[in-house]
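Structural features, examined
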Amino acid sequence: MHDTLLLFGATGDLATRYLFPSLTHLLRDRLLPPDFRVVAVGRTEHDDAGFRDWLRERVSDADSRDGAAFEDLLARTRYHALDLQDADAISAALAQYADRPSVSYLSTPPNLFAPACRGLKQAGLLEDPSRLVLEKPIGHDLASAREINATLKASLDESRIFRIDHYLGKAPVQNLLALRFGNTLLEAVWQHRWIESVDIVVAETAGVDGREGYYAGYGALRDMVQNHMLQLLALIAMEPPASLDADSVRDEKRKVLRALRPMSADSAGVDSVRGRYGDGVVEGTGVKGFKHEREVETFVALRAYIDNWRWSGVPFRLVTGKRMPSRATEVVVTFKPVSHWLFDRPRSEQALPDRLRMRLQPEEAIELRLMGSLAAPEWGATELQPLSLDLAMSPTPKRRIAYERLMIDALKGDQTLFVRDDEVEAAWRWIDSVSEAWATAGTPVEDYPAGSWGPSTAASFLPNVISGNGKRGA
Ligand code: BG6
């Protein structure tokens, strides 16, 4: 396990909210090597002591800030103020850390990846076996992603490049693999013959909140669908890999992403909805709408098709939005109706199809809806009602921050939960087809009030979430 972490973007929001708290927890639980050290790099001028004080004030996670582990982490942390455009300055300041194999973590905007890599390379910090970790976004479209990937590969081999998608570090997301490949029951019906549709919903109550500059250039399609939602889709739809090693899993995910049917301008009208939140009320609090001169969406609903043998004709509805009524990340698999209905009640049109709901956050639950007659009156064995097999994890187990798992894996060199270059590019290829279809078709960004489930035109994309007036459905 490598024991030197160089953290670029150390004064950024991600570092204070997640990365330093994650490292604190790992130190507390003795999961880091004895000589572990952090080299924090940011733009703001601080000396080591000044940075430590600054961090003490900022780190928001109380259980990190107060513990002895946090002070231990600070004592292991050195700080350098550097202009990341300046490769020579990076190299001059950081070459001293090339004495041990390291992991350099770029939590910076993508335009800084290239100069930072040049500086790191010059300093000897990308020599084998040192590694590079990158935060999203990896580009803005396929062309820019390819350019970034080419720049990275000029400095080090793909086997030492770790692209983060923090959803892959979440335990309930990893459980999708466990459920799919640890159970004959599911694998037997996991295909178009038995599955009617798949819904992937990531609803957030949070708004754009202080990230307007970044968000206006990205929107929900690039901020959420390109990475997190397509990764969820790939885990749900992939073929069984031969093993769980990094390339076996990533080969299968890439095949799914490459089989996504490109969106055309003709289908954009029926297969997508874009929305932007206006003023409204979320969880009882009044909030202001997102205003920007650019036509950018904070909500997107898409119907995607995977053109392969297993998924032919099955719609995957992908919906994500900010300022929704409640926070929920769910995958819902709806099965086909029974082929020949035998029962008097309900009539076949009213029978509900079997449905598997995997709720990933904020609570974790797995619920299987079946039809049965247990609740029918005596002698009423032909009267069926929906029954629910409910595996709610109650109370929800306290999970590690996704970054804890990912940092350990990067320090150890396990790439399974990191995204490979060809996956990123396959995802961008499909996203580009959507944004080009929108541009050609002139797909409008429709307003929705904060605290609603998006524009009313999106209701058909949320059959398992919305019933009637916007309340959560059955
Ligand atoms: C980030 C997006 O990648 O994921 C944010 O940039 C979004 O806009 C966040 O809010 C959601 O992550 P989580 O873990 O809160 O579901």
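Above this note sits the structure.
Residues numbered from 1 in each chain as written. Predicted model: local features only at pLDDT ≥ 70, side-chain atom pairs only at ≥ 80, totals over all residues. Heavy atoms only, no water.

Overview of the site of the ligand
- Lining the immediate surroundings of the ligand are K136, H166, Y167, K170, E204, R211, D223, M224, H228, K322, R327 and Q361.
- One of the side-chain nitrogen or oxygen atoms of K136 is found 2.7 Å away from an oxygen atom of the ligand.
- One nitrogen or oxygen atom from the side chain of Y167 is found 2.5 Å from an oxygen atom belonging to the ligand.
- For the ligand, whose unbound accessible area comes to 400 Å², protein coverage reaches 82%.
- Here the shell around the ligand gets three residues from one element, more than from any other, and that element is helix α10 (residues 212-237).
- Tallied by class, the residues present in the shell around the ligand amount to two nonpolar, three polar and seven charged. (Near = heavy atom within 4 Å. Polar contact = N/O pair within 3.5 Å; in protein donor to acceptor, adjacent residues only side chain to side chain. Areas by Shrake-Rupley, 256 points an atom, 1.4 Å probe, with all protein chains shown as cover. Helix = DSSP H or I, 4+ residues; strand = E, 2+ residues; numbered from the N terminus. Nonpolar A, V, L, I, M, F, W, Y, C, P; charged D, E, K, R; others polar.)

Notes on the packing of helix α1 (residues 13-28) against helix α4 (residues 68-75)
- Here α1 crosses α4 at 110 degrees, and the two axes come no closer than 8 Å. By the angle between their directions, the pair α1 and α4 is classed as roughly perpendicular. Across the interface between the two elements, F20, L23, T24, L27 and R28 from α1 touch A69, F70, D72 and L73 from α4. (Axes fitted to C-alpha atoms, helices over the stretch in contact; angles between N-to-C directions. Parallel < 35°, antiparallel > 145°, perpendicular 65-115°, else oblique. Contact = heavy atoms within 4.5 Å.)

A closer look at the sheet that holds strand β4 (residues 102-106)
- Strand order in the open sheet made by the six strands is β3-β2-β1-β4-β5-β6, with parallel pairing throughout. The sheet terminates laterally at β3 (77-81) and β6 (161-163), the two strands that pair on one side only. Strand after strand, the sheet turns through a mean of 20 degrees between neighbouring axes, direction not considered.
- Note: strand β1 (residues 4-8) against strand β2 (residues 37-42), five bridges, orientation parallel. Paired with L7 across the two strands is A40, which belongs to β2. (Pairing = 2+ DSSP bridges.)

A word on the pattern of salt bridges
- One pass over the full model with this rule turns up 42 salt bridges.
- Measuring nitrogen to oxygen at the nearest pair gives 3.3 Å for the salt bridge that ties E187 to R310. With a gap of 123 residues between them, E187 in helix α9 (residues 184-189) and R310 in the loop between β11 (299-305) and β12 (315-321) connect regions that are remote in the sequence.
- Among the residues examined, R310 registers a relative accessible area of 13% and is labelled buried.
- The residue R359 makes a salt bridge to E363 at a minimum N-O spacing of 2.6 Å. (Salt bridge = Lys/Arg side-chain N within 4 Å of Asp/Glu carboxyl O. Buried < 20%, exposed > 50% of the residue type's maximum accessible area, 1.4 Å probe, protein only.)

Let's talk about the environment of S312
- Position of S312 among the secondary structure elements: in the loop between β11 and β12.
- Remark: the alpha-carbon pair of S312 and I195, spanning 117 residues in sequence, is separated by 10 Å.
- Apart from the residues lying within four places of it in its own chain, the contact partners of S312 are H192 and I306.

Here's the deal with the sheet that holds strand β16 (residues 385-390)
- An order of β16-β15-β14-β13-β7-β12-β11-β8-β17 is seen for the nine strands of this open sheet, with the pairing classed as mixed. Unpaired on one side and paired on the other, β16 and β17 (445-449) mark the two borders of the sheet. If you compare each strand with its neighbour and ignore which way they point, the axes differ by 20 degrees on average.
- Relative to strand β13 (residues 328-335), strand β7 (residues 195-203) is paired through eight bridges, and the arrangement is antiparallel. Bridging across to β13, V202 finds its partner in T329.
- Those strands touched by α10 are β7, β11, β12, β13 and β14 (355-361), and its axis lies near 140 degrees from that of β12.

Overview of the nonpolar core
- Counting 142 residues, the largest nonpolar core has F20 and L94 as the members making the most contacts within it.
- Sorting elements by how many residues they give to this core places α10 first, with 13 residues. (Core = buried A, V, L, I, M, F, W, Y, C linked by side-chain atoms within 4.5 Å.)

With respect to unusual backbone geometry
- Residue P346 follows R345 across a cis peptide bond; omega there is -10 degrees.
- When you line up the elements, P346 lands in the loop between β13 and β14.
- Cis geometry marks the peptide bond from Q361 to P362, where omega comes out at 0 degrees.
- In this model, R30 sits at a positive phi of 55 degrees, which is unusual for a non-glycine residue.
- Here R30 is to be found in the loop between α1 and β2.

What about the pairing of strand β5 (residues 131-134)?
- Taking every second residue as pointing to the same face, both faces of β5 are buried, with R131 and V133 on one and L132 and L134 on the other.
- With four bridges connecting them, β4 and β5 associate as parallel partners. Residue pairing for β5: L106 is matched across the bridge by L134.
- Read from β4 through helix α6 (residues 113-122) to β5, the crossover connection turns out right-handed.
- The pairing of β5 with β6 spans three bridges and is parallel. Its bridge partner lying in β6, L132 is registered against I161.
- As a crossover connection, the stretch from β5 through helix α7 (residues 142-155) into β6 is right-handed. (Right-handed = clockwise from strand over helix to strand, strands pointing away.)

Observations regarding the packing of aromatic side chains
- Applying the stated criterion to the full structure yields 12 aromatic pairs.
- Ring centres of Y18 and Y403 lie 5.9 Å apart, and the angle between their planes is 25 degrees; this geometry places the pair in the stacked category. Taken together, the residues span a long stretch of sequence, with Y18 in helix α1 and Y403 in helix α13 (residues 402-412) at a distance of 385 residues.
- Residue classification places Y403 among the buried positions, given a relative accessible area of 4%.
- Ring geometry for F51 and Y79: centres 4.4 Å apart, planes at 15 degrees, overall stacked. Here F51 is found in helix α2 (residues 48-58), whereas its partner Y79 is found in strand β3, with 28 residues between them in sequence. Residue F51 shares its accessibility class with Y79, and that shared class is buried.
- One aromatic cluster is present, formed by Y215, Y277, F290, F299 and Y448 through successive ring pairs.
- Taking NZ or CZ as reference, K170 lies 4.7 Å from the ring centre of Y167, over its face. (Phe/Tyr/Trp six-rings, centres within 6.5 Å; stacked < 30°, edge-to-face > 60°. Lys NZ or Arg CZ within 6 Å of the ring centre and 35° of its normal.)

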